[in-house]
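Chain and residue survey
Okay, here's what each chain looks like letter by letter:
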Amino acid sequence: MNRSKIEWCDHTYNPITGCRHSCPYCYARSIATRFAGDVRLNLMAKKDYSVQTARDGSGDLYILDRPMVNETGHTLVYPFGFEPTFHRYRAEVLDKLKMGNNIFVGAMADMFGEWVPNEWIREVMGTCSSRPRHNYLFLTKNPGRYEQMDGLGELPAYQNFWYGSTRTTPDDRFFESYAHNTFWSIEPIHGPFRMLEKDEFSPDWIIIGAETGRRKGKVVPEKEWIEDIVNWCDKAGIPVFMKDSLIPIVGESNMCRDFPEHLLRTEISPKMERKLYAACAECKARMKKSEMVALLARSKRGEQPKQFGFMCRDCFRGFCMTLGLDVPQLAELTQSVTIGVEDDEKDGESME
C-alpha cells in the first residue's frame, strides 16, 4: 500500500502487478524493471512461488503467498519484473488505513487484461468488498473484460466501486453501464475527442492528462483538445479532473480538479471511530470527543483524575444548572472538567 503521487487518488493498492499490453508510454514497466532485482536469480527460488498458465495462454503467471526477499532480507516488490504476478499476501494492507480513502487498485498492472484468471479478479474484489469504508477505482485498457465479468454476475455494482476505461484516442473502447459507476481516463491524450460532441453514453467522471517523460515520439496535446472535452463535460454535468501535466498547456487558472460527490466522502475505521467519538452521558448523541466536555473524577486529593465520560455542551450546561453550579466558560475545543473533593479535604468520595 503506497501513498499515491497520482493526483486523483489517495493510495494505490497492487495485489496484481505486471501487464502484457506493451504500451510504449507505460510508466509502470520501467518502475517494475528498476525494482525487480535479479529476475534470473529470483526464478531459481522455486519454493517461494507457484506458477499458473495465463487465461489467454500467453505464458506463465506467478503467484506469491508471502513476500519474496533477497539475500539481505529486503522484500522484492517486483521479483519477476513486469510479468503478471498475484501478490496474495497483500490482502490485509488495506486494514492499515484508518480513514476511508480513494484507492486506485492495480496501478502497476491491468488486472482486467485477458491473461488474468477470473479467480484472481474475484479474490481482489472480495478483499475490497469486505472493507467498504474505502472507494475503489479500477482502470483497464480492456473494458470488454468488465462486460464479461458483468455477464457472469461478478462485477459488483457497489456505490464505492468505480470502473475506469483508458482512452488515448476516440477510437478506444470504453465500458458502458448505467448500473455501475464509470469513468474515463483520457491519459495520455493522443488526439482530439471531437466525437464527444455527439450524443453518446456519458461516464460519471472524466480524467484528462498529457504524456510525461522523454519518449521519442511523445505526443504533446493541443489546448483545444482539452477545451473540447471540458466544454462537453460542462454541458453534460460531468465532473472533470485535469492532471498537473496539463498546466503547461492550459495554464494553472484554467485547471479543473473536480471529483464526483461520492469520492469526496470520508469514513473512518471502527477502531478510529471509537477513539475519536463518544456518546453523551446524558442524551446519548454520538459526537466527536473534541466537540464535547470530558468528565473527570478523583476520589481524594493528589490523585490523578480519571476520565469517566463525555457530555455534549448543551447537556453539560443543563447538568450544571440542575446542581446549581456556575457554568464554566468553555473553550472552542475540548474542555475537561474535574468533579472531585475540595482542596482542603483529605479524602472523600467522587461526586456524580
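As a starting point, this report considers the structure included with it. Keep in mind that this is a model prediction, so the values were computed, not measured.

**Thoughts on the pattern of salt bridges**
Counting across every chain of the model gives 18 salt bridges. Of the charged contacts in the structure, one is a salt bridge between Arg-20 and Glu-83, with a shortest N-O distance of 2.8 Å. Placement of the pair is Arg-20 in the loop between β3 (16-17) and α1 (27-34) and Glu-83 in the loop between β5 (60-64) and β6 (85-87), with a sequence separation of 63 residues. In this structure, the salt-bridge partner of Asp-65 is Arg-88, at a minimum N-O distance of 2.9 Å. With a gap of 23 residues between them, Asp-65 in the loop between β5 and β6 and Arg-88 in the loop between β6 and β7 (102-105) connect regions that are remote in the sequence. Judged by relative accessible area, Arg-88 falls into the partly exposed class, the value being 30%. Among the charged side chains, a salt-bridge network with shared partners connects Glu-7, Glu-187 and Lys-243.

**Remarks on the packing of aromatic side chains**
Applying the stated criterion across every chain yields a total of 24 aromatic pairs. Each ring, one from Tyr-49 and one from Phe-80, has its centre 4.9 Å from the other, and the planes form 70°; the classification is edge-to-face. Highlighted residues: Tyr-49 in the loop between α2 (39-44) and β4 (50-53) and Phe-80 in the loop between β5 and β6, separated in sequence by 31 residues. We classify Tyr-49 as buried; its relative accessible area is 11%.

**Focus: helix α5 (residues 223-236)**
Note: α-helices contain 3.6 residues per turn, so residues at a spacing of three or four share the same orientation. When the terminal C-alpha atoms of α5 are compared, their 20 Å separation across 14 residues agrees well with the 20 Å that a helix rising 1.5 Å per residue should span. Residues of α5 that are buried: Trp-225, Ile-226, Asp-228, Ile-229, Val-230, Trp-232 and Cys-233. Buried positions along α5 lie against β10 (181-186), β11 (205-208), β12 (240-242) and α6 (247-250). Just beyond α5, the residue with positive phi is Gly-237, at close to 70°.

Rules used throughout
Residues numbered from 1 in each chain as written. Predicted model: local features only at pLDDT ≥ 70, side-chain atom pairs only at ≥ 80, totals over all residues. Heavy atoms only, no water. Salt bridge = Lys/Arg side-chain N within 4 Å of Asp/Glu carboxyl O. Helix = DSSP H or I, 4+ residues; strand = E, 2+ residues; numbered from the N terminus. Buried < 20%, exposed > 50% of the residue type's maximum accessible area, 1.4 Å probe, protein only. Phe/Tyr/Trp six-rings, centres within 6.5 Å; stacked < 30°, edge-to-face > 60°. Expected span 1.5 Å × (residues − 1). Contact = heavy atoms within 4.5 Å.

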